[in-house]
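# Structure assessment
In case you want the letters, here they are:
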Amino acid sequence: MRTSTKQGKRSPGRPREFDAEQKLQDAMLVFWSKGLSGTSLDDLGSAMQLSRPSIYNAFGGKQEIYHAALSAYMALFDANLKKNIGQGEDLLDGIRAFFDEAIELYCSGNPALGCLLACTAPSEALSNEVVREDLSQMINHIDNQILASIRSVLHTSGAELENDAAVVASMLQSVLHSTAIRARAGAKKSDLKKFAHEAVSIIVR
């Protein structure tokens, strides 16, 4: 998973002595459990095992790190989508496999963390214009990526949908958000997968 970091803040000629991607993963887990407002620079420093100057030089401030974490998380989403839907010919099976993998991620951790985007960004969006813009852009990105994957499978298989493909894509994203919230609320993984599979059967016609 590749992420964008503040490479330009590093002093010229001074080699970085840590794995920036791993440090971003460490920061992501903090934001995932505490949210943006609940996370302090001390929390990030402890998780990333970096001093404040090192954090600022490599990644910027807390807002920039959160944005980078969201972008890294979206890379996971894109990889899951491409792996399970974009390569196959059976649309229903591919979408169900996509949901199964997403739910495995949502239910990771103890307690379950849910979705980094859906479970942390909405609460910040009303008071933080940057997060609101990130949330809007990433929701649109998910819709568009699901839609592109659906159209790819339909083109390959020659099948057709009864419902508008764009509406189907948006409804599938809604199910994703619902499973993420249910996961964070303590729902069983098996129940979430059953719920998602049934929902997909209803939506994808």
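What counts and how
- Residues numbered from 1 in each chain as written.
- Predicted model: local features only at pLDDT ≥ 70, side-chain atom pairs only at ≥ 80, totals over all residues.
- Heavy atoms only, no water.
- Helix = DSSP H or I, 4+ residues; strand = E, 2+ residues; numbered from the N terminus.
- Rg over C-alpha atoms; globule rule 2.2 N^0.38 Å.
- Buried < 20%, exposed > 50% of the residue type's maximum accessible area, 1.4 Å probe, protein only.
- Contact = heavy atoms within 4.5 Å.
- Areas by Shrake-Rupley, 256 points an atom, 1.4 Å probe, with all protein chains shown as cover.
- Lys, Arg positive; Asp, Glu negative; His and termini not counted.
- Charge placed at Lys NZ, Arg CZ, Asp CG, Glu CD.
- Salt bridge = Lys/Arg side-chain N within 4 Å of Asp/Glu carboxyl O.
- Polar contact = N/O pair within 3.5 Å; in protein donor to acceptor, adjacent residues only side chain to side chain.
- Axes fitted to C-alpha atoms, helices over the stretch in contact; angles between N-to-C directions.
- Parallel < 35°, antiparallel > 145°, perpendicular 65-115°, else oblique.
- Left-handed = near helix turned anticlockwise from the far one by under 90°.

### Notes on the overall build of the chain
The helix and strand inventory of the chain stands at nine helices and zero strands. Listing each helix as α and each strand as β along the chain from the N terminus yields α-α-α-α-α-α-α-α-α. Computed over the C-alpha atoms, the radius of gyration of the chain is 18 Å, within 12% of the 17 Å expected from 2.2 N^0.38 for a compact globule of 205 residues. C-alpha extents for the chain along the principal axes are approximately 55 × 35 × 30 Å. Each of the 205 residues in the chain was classed as buried or not, and the buried ones make up 43%. Taking the contacts inside the chain whose residues are at least 6 apart along the sequence as the reference set, 67% of them involve residues at least 24 apart. For the chain, the exposed surface amounts to about 10,700 Å²; the carbon and sulfur share of it is 49%. One way to put it: in the chain the 22 positive side-chain charges average out to a point 6 Å from where the 24 negative ones average out.

### Details of the pattern of salt bridges
Evaluation of the coordinates by the stated rule reveals six salt bridges. Between K34 and D43 there is a salt bridge whose closest N-O contact spans 3.2 Å. A residue is classified by how much of its surface remains accessible, and K34, at 44% relative accessible area, is partly exposed. The partner of K83 in a salt bridge is E101, and the shortest N-O contact between them spans 3.2 Å. In this pair, K83 sits in helix α4 (residues 62-84) while E101 sits in helix α5 (residues 91-106), placing the two residues 18 residues apart along the sequence. Residue classification places K83 among the exposed positions, given a relative accessible area of 56%.

### Structural notes on the environment of T120
Within the element layout of this structure, T120 appears in helix α6 (residues 116-125). Overall, T120 belongs to the buried group, its relative accessible area being 2%. When neighbours within four sequence positions are excluded, T120 is seen to be in contact with F31, W32, G35, Y66, C115 and R184. Reaching out from T120, the side chain makes a polar contact with the side chain of Y66 at a distance of 2.8 Å.

### Points about the packing of helix α1 (residues 20-38) against α6
As a packed pair, α1 and α6 sit with axes 8 Å apart at the nearest point and diverge in direction by 25°. What the angle tells us is that α1 and α6 run roughly parallel. With respect to the hand of their crossing, α1 and α6 are arranged in left-handed fashion. Residue-level contacts link M28, F31, W32, G35, L36 and S37 of α1 to L116, T120 and E124 of α6.

Without other data, these values stay purely geometric and don't point to any function.
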